[in-house]
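Reading the structure
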Amino acid sequence: MSTPIPSPPAIPFLGHIHTIDKQLPIASIRLLAQKYGEIFQLNVLGDTRFYISTYALLNEVCDDKRFEKKINANLLQARGAVSDGLFTAQPGEENWGIAHRLLMPCFSPTGILDMYDGMMDVVSQLTMKWERFGPQDCIDPAADFTRLTLDAICLCAMSYRWAFQRMCKEEPHPFASAMSDFLVESGLRANRLSIVQAMMPSTNAKYEEDRNTMTKLAQDILDDHRAHPPKQPDLISRMVSGIDKEAGRGLPDSSIMANLLTFLVAGHETTSGMLTFATYYLLKNPEAMRKLREEIDTMVGDRPPSKKDVNKLPYLLAVMRESLRLGPPASLRTTSPKEETILGGKYTLGKGATINCNIYAIHRDPAVWGDDAELFRPERMLDGKFEALPPNAWQPFGFGMRACIGRAFSWQEVQLTMISIFQRFDLVMRDPTYELELKQTLTIKPHNFFIHAIPRKDRPRLLHIPSGPTAQATRGEEKRSAAFATASKDMKPLYVLYGSNTGTSESFAQRLVSAAPSHGFRATMETLDKVTEYLPTNGPVLIVTASYEGQPADNARHFVNYLENIKASDAFKGVNYSVFGCGNRDWTTTYQRIPKLIDDILGGHGANRLAPRGEGDVSGAEFFDTFDQWENTEYGTSTEEAAPALNIKTVSTGTARAERLRQRDMGLGTVVDTKVLTASGAPIKMHIEFKLSEGATYRAGDYLAILPKNPDRIVHRAMARFGLQEDMEIELDSSSPTGYVELQQPARTRDLDILLQAKNSKASKAALKDLKANYTNKVFGPRLSVLDILEDNKAIDLPLSTFLTMLPAMRIRQYSISSSPLWDAEHVTLTLSVVNAPARSGRKEKFLGVASTFLAGLRPGDKVQLAVRAASAAFHPPQDLTVPLVMVCAGSGLAPMRGFLQERAEQKKAGREVATSLLFYGCRAPGEDSSTWEQMGIVDVRVAFSRCDVERAKGCKYVQDRIALDKEDIVKSFRAGAKYYVCGSSKMAAGAKQVFIRFVQETKNLDEAAATELFTKGLQDRYATDVFE
Ligand SMILES: Cc1cc2nc3c(=O)[nH]c(=O)nc-3n(C[C@H](O)[C@H](O)[C@H](O)COP(=O)(O)OP(=O)(O)OC[C@H]3O[C@@H](n4cnc5c(N)ncnc54)[C@H](O)[C@@H]3O)c2cc1C
Ligand code: HEM
Ligand SMILES: Cc1cc2nc3c(=O)[nH]c(=O)nc-3n(C[C@H](O)[C@H](O)[C@H](O)COP(=O)(O)O)c2cc1C
């Protein structure tokens, strides 16, 4: 009996039009595949379309006895311009056969090698442009690669040259824009009622205009060819004068034009997408980038790549294959059964049915690519592994007779381009936190992705490019430039480099820069990744950096990878440096791993350590003091020195600040709903729903980064203390990174020194001395801020400018997303614990957490600066739905688990088999209701309540107690292959881990050390932790 093919709910008459994202259909199709599994169907205006998403089904439809290419609704529309050209020809159309046979020789390996000179010519225009525009130029690689590939297909296949040459022009070639618009509109038309189409006169006129622009270029090329036939016959020559032996005739002019346009379209859009995907994946994977560079340096060196290099660089080929696997520009191809058939042994499909092969998902099928299918790992294509793949598993170029004719062309073009680029440039992302966004026309490619190309083997070129999330969020670059301007050119150079995700190291770096002129230095500040391989020798290099689970911050990954592979013992001879590390002792085994590693490698390879590494523990009282001490060693000054001056002026109220915020790279999200989850009187927990900014996507387990504003109450306190009117804004004119500062950080001992130097009364001086003498107990522990101290000691006469320089820049805060894109791909929810409690200092003012208060005060419709940040690869639910999850969390650590369960619930609702998971949840008292998911069999919830004694908790106060109680179920789930997820405070995470280790100890009869080792090794890929603080 045939198995019904699942389908999402539909609207009468219109079917599933609403189900597919108009701008990015592939995103909707991907999510539907995640939800419905190997096959699903959609009905668009009466046209039924099937989508397959597994290797097994793809392999079956690759049987060309049973299936053939189908010209789907989109391509049918595009035929308006490219009629019976190769790509859009119907199976059996005679002109397809003629063109195919005439043109195949042009695309043979030798035919393509003959195009070497033309390709190198075009590639060198690109590298010249990047060199000329310099490292500051913000490059849109998709746009530049499109210029390159369009030039290449015109020059190499059509001998058409001089009309292009637009590499340095700002705007794209009119053909490229017309083509892109034409293809997008073709796609939309395929999903539009004809009556609606008829009522869109301006859209229709534009469509016609675009078609004419495209056709005119093809006509110009053909006319030019006829007027000036090239010496070497090219693709057009073969179409114009070739006679096909089998048909006994050549191609009519209409078909030549159709094929010219086909080659212009198919010959550039896909290859530029491939180059952009490869660039993106290499920049996200420093190890792969380094290996590729090493291969190019070793095998090609400084000479231009020659014909002999083509297909000779194995790692480059592996990078290209892996890029096409994860980013197949032609992400859907359509096929159709020649007769009614049974697919996968159970799905009946009628003759002529439309089967869309979802190559994007199939290239990630764990059955072929394993659990790490989402990771970019060129190694899986090396050493015979590519050749050993099951048939049809890697299919970016289509299949059979209708597979890509231009594969060898693009293969050679991409190799020459990538070798030439990496010989000359270090590429860096403009925003290292960028996560892949897609744009779709006929093909897909990365969107909103920008890079800088820094010439290699040169003097260091340090730039002012925003890179960390904070820099990005605060657009400090104008301010920094101002700082540099005030530093005299005669001063000695100083280089401040940082690696930072949440802004602490960056704000320390900024402090160093601000202080530099007063010590006779002209400082330049940059992220570590911007200086890979060029540590300067003409001035001290000060490095401030953090670690994340023992790994570098996002904007230091390339640098660290580079260091880890340094061989020459004197590689850093002449470099004078010192390192300050920001870390947290809660990460016991990887505390300060990255700063230490950088310090060791530099010192061990010939660099001169100016001062011992500074080690700041954010969880300790001395964090800021440690930095101050290290900074003073660097500059040889004492902490008693005055704070650097800052020019400020007050300006009237205005929207300057808000407008500046709105220009950030972070997107603007909109609040949709807010709900308090807790009973009155209990510490507040909230559920907040946002609509993401356009184009933003997420996975269950990811984070939302929020740029908060200080709570009004605290700002008013500061203004009142300095006698400012409430309707004033302050404009900073200095090297301070931002006008957005943290007002509640504990004062540092250095701040106390600065306060002591201000005009004081006897009493205030004595109070300050007392605070200094008892710093840990009276300042750091109770988190007494500079503002608190100023309020308590009215006699301290501190200028506002000095106060502002004492404050760190506002940090972004991260929140685990508590929803799944299968619930809603454009919306996310947060589960928030609001920090609002009597201050630890005992002062009467309540302590209000900056970001949580900001979030708690939001109302539907409010706009918020936010961005999705990817979680570590391990912290996502497994694709295999038969794998149970064991989730351990407390408080708002429930957030990601809620997202995981929501995802599995959506999959179950779609008719899929889902394993039952275990959720261990600890909180004060019963809160969010999970009974629906329990009834669905998605999850079995085990609770622990610290402030409430109810039956369900079985006397367990903490989540660790509950795990211990339910040992048998944990062991059972382990045997069933479960994956473990832990989320919440570091204390809770450590407690849970201890219980698990104890289980290992008891089950295997081991001592603690051996059990820990076994636990760590045995659960390497199955145990993921996410710690809040
Ligand atoms: C990866 C990650 C995921 C996270 N996910 C979530 C999530 O899903 N939900 C969630 O709610 N949070 C989450 N957090 C925590 C969140 O990022 C913030 O740290 C939290 O909301 C507090 O930020 P805030 O700006 O409100 O407080 P801040 O202004 O930053 O103040 C917090 C600081 O004040 C201290 N403090 C707290 N109470 C007092 C008091 N009474 N008196 C004096 N000092 C006090 C704290 O010890 C802490 O050092 C996550 C954190 C990380 C790193
Ligand atoms: C990375 C680059 C490329 C990719 C990923 C790619 C992908 C594809 C795919 C998947 C198909 C099959 C479509 C289907 O089954 O409906 C195809 C067909 C085709 N491609 Fe490519 N392509 C690339 C580069 C090129 C280039 C450089 C050219 C031209 C020089 C080209 C010309 C064509 C043509 C003419 C067809 C239709 C072949 C036929 O049906 O006879 N492609 N391509
Ligand atoms: C998810 C996470 C993982 C962390 N891992 C480590 C670690 O392995 N070692 C360490 O010393 N500190 C670790 N920390 C602490 C950070 O390095 C520390 O908070 C630092 O100040 C952050 O600097 P930044 O704001 O410049 O990014 C971690 C923090 C978080 C949130």
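Refer to the structure printed above.
Residues numbered from 1 in each chain as written. Chains lettered and ligands numbered in written order. Predicted model: local features only at pLDDT ≥ 70, side-chain atom pairs only at ≥ 80, totals over all residues. Heavy atoms only, no water.

1. Side note on the site of ligand 1
Rules: Note on terminology: near, applied to a residue and a molecule or strand, indicates that one of the residue's heavy atoms is within 4 Å of it. Under this definition, polar contacts are N or O atom pairs within 3.5 Å; protein pairs additionally need one hydrogen-donor-capable and one acceptor-capable atom, and for neighbouring residues in sequence, both atoms have to be side-chain atoms. Accessible surface is estimated by sampling points in the Shrake-Rupley manner with a 1.4 Å probe; for residues, cover comes only from the protein chains shown. Helical segments are the DSSP runs of H or I of at least four residues, strand segments are the runs of E of at least two, and each set is numbered from the N terminus. Residue polarity is assigned by list, with Asp, Glu, Lys and Arg as charged and Ala, Val, Leu, Ile, Met, Phe, Trp, Tyr, Cys and Pro as nonpolar; anything else, Gly included, falls into the polar class.
By nearness alone, 25 residues border ligand 1, and Gln814, Tyr815, Ser833, Ala851 and Ser852 come closest of all. Contact between ligand 1 and Arg813: an oxygen atom at 2.8 Å from a side-chain N or O atom of the residue. Between an oxygen atom of ligand 1 and a main-chain N or O atom of Val850, the distance comes to 2.9 Å. Within the complex, the protein chains bury 82% of what would otherwise be the 990 Å² of accessible surface of ligand 1. Broken down by element, the residue count for the shell around ligand 1 peaks at 4 residues, all from strand S24 (residues 813–816). Of the residues in the shell around ligand 1, the class split is 13 nonpolar, 7 polar and 5 charged.

2. A short note on the sheet that holds strand S31 (residues 939–945)
Operational definition: One bridge is not enough; two strands pair if DSSP finds at least two bridges between them. To define axes, lines are fitted to C-alpha atoms, for helices over the stretch in contact only, and angles between the resulting N-to-C directions are given on a 0 to 180 degree scale.
As summarised here, the arrangement of the 5 strands in space is S31-S30-S29-S32-S33, forming an open sheet in which the pairing is parallel. Every other strand in the sheet has two partners, leaving S31 and strand S33 (1023–1027) as the edge strands with one partner each. Each neighbouring strand pair of the sheet contributes to a mean axis angle of 10 degrees, computed without reference to strand direction. For strand S32 (residues 979–984) and S33, the ladder comprises 5 bridges, and the chain directions are parallel.

3. Observations concerning the coordination of the iron atom of ligand 2
The condition is simple: Only nitrogen, oxygen and sulfur atoms count as donors, using a 2.8 Å cut-off from the metal that widens to 3.2 Å for Na, K and Ca. Water is left out, so coordination shells may look unfilled.
From the protein, the iron atom of ligand 2 takes a single donor atom, Cys404 (SG), 2.3 Å away. Relative to the helices and strands, Cys404 is located in the loop between helix H17 (366–369) and helix H18 (407–424).

4. Looking at the packing of aromatic side chains
In plain terms, the rule: Two rings from Phe, Tyr or Trp (for Trp, the six-membered ring) form a pair when their centres are within 6.5 Å of each other. A pair whose planes differ by under 30 degrees is stacked, one over 60 is edge-to-face, and the rest are tilted. Exposure classes here rest on a 1.4 Å probe applied to the protein chains alone. A residue is buried below 20% of its type maximum, exposed above 50%, and partly exposed in between. Charge over a ring is defined by NZ of Lys or CZ of Arg lying within 6 Å of the ring centre and within 35 degrees of the ring normal.
Scanning all chains against the criterion turns up 36 aromatic pairs. Between Phe277 and Tyr281 the ring centres are 6.4 Å apart and the planes differ by 15 degrees, which places this aromatic pair in the stacked class. Placement of both Phe277 and Tyr281 in helix H13 (residues 269–284) is noted, with a separation of 4 residues, approximately one turn of the helix. With relative accessibility at 8%, the residue Tyr281 sits in the buried group. Here a set of aromatic residues connected by ring pairs shows up, and it is made of Phe277, Tyr280, Tyr281, Phe376, Tyr434 and Phe449. It is Arg321 that lies over the ring of Phe386; its NZ or CZ is 3.9 Å from the centre. Over the face of the ring belonging to Tyr360 we find Arg364, whose NZ or CZ atom lies 4.0 Å from the ring centre.

5. What about the nonpolar core?
Selection rule: As used here, the term nonpolar core means buried Ala, Val, Leu, Ile, Met, Phe, Trp, Tyr and Cys residues forming a set that is joined through side-chain atoms within 4.5 Å. The contact criterion used throughout is that any non-hydrogen atoms of two residues lie within 4.5 Å.
Formed by 78 residues in total, the largest nonpolar core has its most connected members in Trp130, Leu282, Leu343, Trp394, Met418 and Leu427. Each residue touching Trp130, except ones within four places of it in the same chain, is listed here: Ile139, Asp144, Phe145, Ile421, Phe425, Leu427, Ile451 and Ala453. Grouped together as the second largest cluster of nonpolar side chains are 51 residues, Tyr116, Phe175, Ile236 and Leu260 included.

6. Focus on the sheet that holds strand S7 (residues 354–358)
Taken together, the 5 strands give an open sheet; going across it, the order is S1-S2-S7-S4-S3, and neighbouring strands pair in mixed fashion. Taken across any chain shown, the strands that pair with only one partner, and hence form the sheet edges, are strand S1 (39–44) and strand S3 (67–69). Taken pair by pair, the neighbouring strands of this sheet meet at an average axis angle of 35 degrees, ignoring direction. Those strands touched by helix H1 (residues 25–36) are S1, strand S2 (47–52), strand S4 (332–337) and S7, and its axis lies near 135 degrees from that of S1.

7. Description of the site of ligand 3
Close contacts around ligand 3 come from 19 residues, with Ser500, Thr502, Thr504, Tyr548 and Thr590 the closest. For ligand 3, an oxygen atom lies 2.6 Å from a polar atom in the side chain of Ser500. Note that an oxygen atom of ligand 3 is positioned 2.8 Å from one of the backbone N or O atoms of Gly550. Considered on its own, ligand 3 offers 640 Å² of accessible surface; in the complex 89% of this is hidden by protein. Those elements that provide at least two residues to the shell around ligand 3 are helix H21 (504–515), strand S14 (541–548) and strand S16 (576–583).

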